[in-house]
Amino acid sequence: AQTVTQSQPEMSVQEAETVTLSCTYDTSENNYYLFWYKQPPSRQMILVIRQEAYKQQNATENRFSVNFQKAAKSFSLKISDSQLGDTAMYFCAFMKRNMEYGNKLVFGAGTILRVKS
Amino acid sequence: EPEVTQTPSHQVTQMGQEVILRCVPISNHLYFYWYRQILGQKVEFLVSFYNNEISEKSEIFDDQFSVERPDGSNFTLKIRSTKLEDSAMYFCASSAWFLNSPLHFGNGTRLTVT
């Protein structure tokens, strides 16, 4: 079974600064996908960024980028130029390639990020 | 952008009552899911549904739970006899047919069992 670990329960960052959220995972699969989801106080789950395991290039999405280290099974999220609206719970999630069962996500416990003005 | 919609946003029920949580997935998606998040805890997988049948379920999804796609648009989660520990946020999600299709989540239904 896959597990996802987020070792930072809470983090703070000053507005406009950069912050990195950590995530490690455990799997015996070779083909899989990794995601970061954001959950603001409204409790909605919003996709931030995704990474295919077979791609060596790290994914970027505007101010959000990842550092994917497949051998180390590490998938950290970097947020540049932090904004107050980035305040949220951030979940790292793992998805196995499986056409038969659909794209089931396994989530980490989450990291609360607070952006301070 | 199309989105997953869930109703109601908040449901309060008494222990032992049946509840039905409703979801309208994105129209061209083929896979449907329910997840649960107990307050302060991680998001947990309950069940996935494809081609009008359950494709996978977790150990949380016991005989009390059932899912249904009664028509071409709705996807429901029924809890037959609610318990206090069923109080949680329930998220519906859907994904498209291709392998790396991300899950798109609804805004959730907060279920409170008293």
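Below: a short report on this structure.

Calculation notes
Just so you know, the residues in each chain are numbered from 1, in the order the chain's sequence is written. Whichever chain is written first becomes A and whichever ligand is written first becomes 1, with later ones labelled in order. Whole-chain, interface and lining totals are the exception, using all residues; otherwise, since this is a predicted model, local features are given only for residues with pLDDT of at least 70 and side-chain atom pairs are given and counted only at 80 or more. Computation of side-chain values covers all heavy atoms of the structure but excludes hydrogens and water. Whenever a pair of cysteine sulfur atoms sits within 2.5 Å, that pair is classed as a disulfide. For the purposes of this entry, the term helix denotes a DSSP run of H or I that reaches at least four residues, the term strand denotes a run of E that reaches at least two, and both are numbered from the N terminus. Think of it in three bands: with a 1.4 Å probe and only protein chains considered, a residue is buried below 20% of the maximum accessible area for its type, exposed above 50%, and partly exposed in between. At least two DSSP bridges between two strands are required for those strands to pair. By the convention used here, residues are in contact when the closest approach between their heavy atoms is within 4.5 Å. The salt bridge criterion pairs a side-chain nitrogen of Lys or Arg with a carboxyl oxygen of Asp or Glu, the two atoms within 4 Å. Here a polar contact is recorded for every N or O atom pair within 3.5 Å, except that within protein the pair must consist of a potential hydrogen donor and a potential acceptor, and residues adjacent in sequence are included only if both atoms are side-chain atoms. Residue type decides the class: Asp, Glu, Lys and Arg count as charged, Ala, Val, Leu, Ile, Met, Phe, Trp, Tyr, Cys and Pro as nonpolar, and the leftover types, Gly among them, as polar. With axes taken as lines fitted to C-alpha atoms, and helix axes fitted only over the stretch in contact, angles between N-to-C directions fall between 0 and 180 degrees.

As a further point, take the state of the cysteines. All names here are of chain A. Under the counting rule described, the total for this entry stands at 2 disulfides over all chains. The disulfide partner of cysteine 23 is cysteine 92, and the gap between their sulfur atoms is 2.0 Å. Across the S-S bond linking cysteine 23 and cysteine 92, the dihedral sits near -70 degrees, which makes this disulfide left-handed. Separated by 69 residues along the polypeptide, cysteine 23 in the loop between β3 (19-21) and β4 (24-26) and cysteine 92 in strand β10 (residues 88-96) bring together distant segments of the chain.

Moving on to the pairing of strand β9 (residues 88-95) of chain B. The side chains of a regular strand alternate between both faces of the sheet. Residue and element names in this part refer to chain B. The buried count for β9 comes to 8 of 8 residues, which makes it a mostly enclosed element. Every second residue of β9 is oriented toward a common face, with Ala88, Tyr90, Cys92 and Ser94 on one face and Met89, Phe91, Ala93 and Ser95 on the other, all of them buried. Pairing analysis gives 7 bridges linking strand β4 (residues 31-37) to β9, with the strands arranged antiparallel. Residue pairing for β9: tyrosine 31 is matched across the bridge by serine 95. Relative to strand β10 (residues 104-105), β9 runs antiparallel, the two being bridged by 2 bridges. Among the inter-strand pairings, serine 94 is bridged to a residue of β10, identified as histidine 104.

Contacts between the two partners involve 27 residues from chain B and, on the opposite side, 25 residues from chain A. Remark: the boundary between chain B and chain A carries 1 salt bridge. For the salt bridge of glutamate 56 of chain B with lysine 104 of chain A, the shortest nitrogen-to-oxygen distance reads 3.2 Å. Summed over the shared surface of chain B and chain A, the result is 6 residue pairs in polar contact (both at pLDDT 80 or more). Those elements giving two or more residues to the side of chain B that touches chain A turn out to be β4, β5 (43-50), β6 (53-57) and β9 of chain B. For the side of chain B that touches chain A, the per-class residue count stands at 16 nonpolar, 8 polar and 3 charged.

On to the sheet that holds strand β8 (residues 75-79) of chain B, then. All names here are of chain B. The sheet built from 4 strands is open, its strands ordered β1-β3-β8-β7 with antiparallel pairing. Looking at strand neighbours, the two that pair on one side only are β1 (5-7) and β7 (65-68), the edges of this open sheet. Direction aside, neighbouring strands of the sheet carry axes that sit 20 degrees apart on average. As defined by bridge partners, β7 adjoins β8 across 4 bridges and the pair is classed as antiparallel. Residue pairing for β8: valine 67 is matched across the bridge by leucine 77.

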